Amino acid sequence: MTSTDTFTPEQQDDATSFASLALTPALLENLDTLGYKEMTTIQAQSLPSVLAGRDLIAQAKTGSGKTAAFGLGILNKLNPAWFAVQALVLCPTRELADQVANELRRLARSTGNVKVLVLTGGSPMRPQIASLEHGAHIIVGTPGRVRDHLGRSTLDLSKVETLVLDEADRMTDMGFYDEIAGIVSACPKRRQTLLFSATYPDDIRRATDSFLVDPVEVTVQAQH
Ligand code: ADP
Ligand code: MG
């Protein structure tokens, strides 16, 4: 048997390989460098829709890899040469926003100079305003602080192409609904909206219904 007859798993371009996705070569190479060999279940089920530009509601437990599920969607269409806020990720807490920003920076390593800026409460406004003046491609923030910046006109969301509501159930539980609704209305109507949640009860479904257009729904019950 010649070597061309042998079939190794590495050559398999199956549904759980990132290579099966329409990702840029730079992102694929970086995933390889990061040691992301296979997609997690939520990534495999949501990334094809995310990359096709669809709105999405994804339900999966903590640790299932939700950040890359939206992060790769953001980065795949982001233009680093255009210094505008092209994506906004809302998170319930400062810690989660920091975690998401760090994961986005890791995923973005190969894609040129992508500036990810964290806007959360508990930090002074002035340095955040200075950073915003320098520009950013992706904002990761908590609803209260992002709303504050909008109120002061220090943040322009008019170029946002991707809006992510991460841990939407927790944000709603924490009473952020009004802030989120205000932020959503400052984003363009034509955008991609991705909602991630560990749970998706009816009250959150009703509250967030108007933020999404014809969303694909993905639920992962089991462990990845
Ligand atoms: P969630 O938001 O669902 O709680 P995270 O996005 O924080 O989960 O991911 C959990 C961990 O798994 C992170 O450390 C991340 O770097 C890692 N991870 C995500 N996707 C993959 C993958 N496809 N292969 C290997 N590790 C991954
Ligand atoms: Mg997460």
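The following paragraphs examine the structure supplied in this document. (Residues numbered from 1 in each chain as written. Chains lettered and ligands numbered in written order. Predicted model: local features only at pLDDT ≥ 70, side-chain atom pairs only at ≥ 80, totals over all residues. Heavy atoms only, no water.)

Focus: the overall build of the protein chain
Counting its regular elements, the protein chain contains nine helices and seven strands. For 224 residues, the compact-globule estimate of 2.2 N^0.38 gives 17 Å, and the C-alpha radius of gyration of the protein chain, at 18 Å, lies within 12% of that figure. The principal-axis extents of the C-alpha atoms in the protein chain amount to approximately 70 × 40 × 30 Å. Looking at the 224 residues of the protein chain, the share that counts as buried comes to 49%. Of all intrachain contacts in the protein chain linking residues separated by at least 6 positions in sequence, the fraction that spans at least 24 positions is 73%. In the form shown here, the protein chain has an accessible surface area of approximately 11000 Å², with 49% of it arising from carbon and sulfur atoms. Placing the 21 positive and 26 negative side-chain charges of the protein chain at their respective mean positions leaves the two points 8 Å apart. (Helix = DSSP H or I, 4+ residues; strand = E, 2+ residues; numbered from the N terminus. Rg over C-alpha atoms; globule rule 2.2 N^0.38 Å. Buried < 20%, exposed > 50% of the residue type's maximum accessible area, 1.4 Å probe, protein only. Contact = heavy atoms within 4.5 Å. Areas by Shrake-Rupley, 256 points an atom, 1.4 Å probe, with all protein chains shown as cover. Lys, Arg positive; Asp, Glu negative; His and termini not counted. Charge placed at Lys NZ, Arg CZ, Asp CG, Glu CD.)

Thoughts on the nonpolar core
Of all hydrophobic cores here, the largest spans 41 residues; its most connected members are L72, V89, I138 and V140. Sort the elements by how many residues they give to this core and helix α4 (residues 94-108) lands first, with seven residues. The contact partners of L72, leaving out residues within four places of it in the chain, are F18, L23, L27, L31, L47, L51 and L107. Of all hydrophobic cores here, the second largest spans 28 residues; its members include I139, L155, V184 and L212. (Core = buried A, V, L, I, M, F, W, Y, C linked by side-chain atoms within 4.5 Å.)

Observations concerning unusual backbone geometry
Positive phi values are uncommon outside glycine, yet S153 reaches one of about 55 degrees. Summarising the element assignment, S153 is placed in the loop between α6 (143-151) and β5 (162-165). Exposure remark for S153: the relative accessible area of 64% places this residue in the exposed category. With a phi close to 45 degrees, D214 is a non-glycine residue in the positive phi region. Within the element layout of this structure, D214 appears in the loop between α9 (202-208) and β7 (216-219). Accessibility expressed as a relative area gives 58% for D214, which makes it exposed.

As for the pairing of strand β2 (residues 87-90)
The two faces of β2 match: A87 and V89 on one face and L88 and L90 on the other face are all buried. Pairing between β2 and strand β4 (residues 138-141): four bridges, direction parallel. Each residue of the ladder has a partner; that of A87, found in β4, is I138. One ladder, built from four bridges, connects β2 with β5; its direction is parallel. For A87, the partnering residue across the bridge sits in β5 and is T162. (Pairing = 2+ DSSP bridges.)

Comments concerning the layout of surface pockets
Estimates place the volume of the largest pocket at around 270 Å³. Looking at the lining of the largest pocket, the elements that each hand over two or more residues are α3 (66-77) and α4. No other element matches the four residues that α4 contributes to the lining of the largest pocket. Considering only residue class, the lining of the largest pocket consists of four nonpolar, seven polar and four charged. (1 Å grid on protein atoms, 1.4 Å probe; cavity = no way out; pocket = protein on both sides within 12 Å on 5 of 7 lines; lining within 4 Å. Points joined across faces, edges and corners; volume = space filled by probe spheres on them. Nonpolar A, V, L, I, M, F, W, Y, C, P; charged D, E, K, R; others polar.)

Re the packing of aromatic side chains
Scanning the model with the defined rule gives two aromatic pairs in all. On the basis of an interplanar angle of 15 degrees and a centroid distance of 6.0 Å, the ring pair of Y177 and F211 is categorised as stacked. Taken as a pair, Y177 in helix α8 (residues 177-186) and F211 in the loop between α9 and β7 lie far apart in primary sequence, 34 residues in all. With relative accessibility at 6%, the residue F211 sits in the buried group. (Phe/Tyr/Trp six-rings, centres within 6.5 Å; stacked < 30°, edge-to-face > 60°.)

Side note on helix α2 (residues 41-51)
Quick reminder: α-helices carry 3.6 residues per turn. Residues three or four places apart thus point the same way. Listed as buried for α2 are I42, Q43, S46, L47, S49 and V50. G53 lies just past α2 and shows a positive phi near 90 degrees.

Comments concerning the state of the cysteines
Following the criterion strictly, the structure yields zero disulfides and no others. Here C91 is not disulfide-linked; the sulfur of C187 is the nearest cysteine sulfur, at 14 Å. (Disulfide = S-S within 2.5 Å.)

Topic: the pattern of salt bridges
Tallied over the entire structure, the rule returns five salt bridges. The shortest N-O distance in the salt bridge between R54 and D214 comes to 3.6 Å. Pair noted here: R54 is in the loop between α2 and β1 (56-59) and D214 is in the loop between α9 and β7, with a separation of 160 residues, a long-range link. (Salt bridge = Lys/Arg side-chain N within 4 Å of Asp/Glu carboxyl O.)

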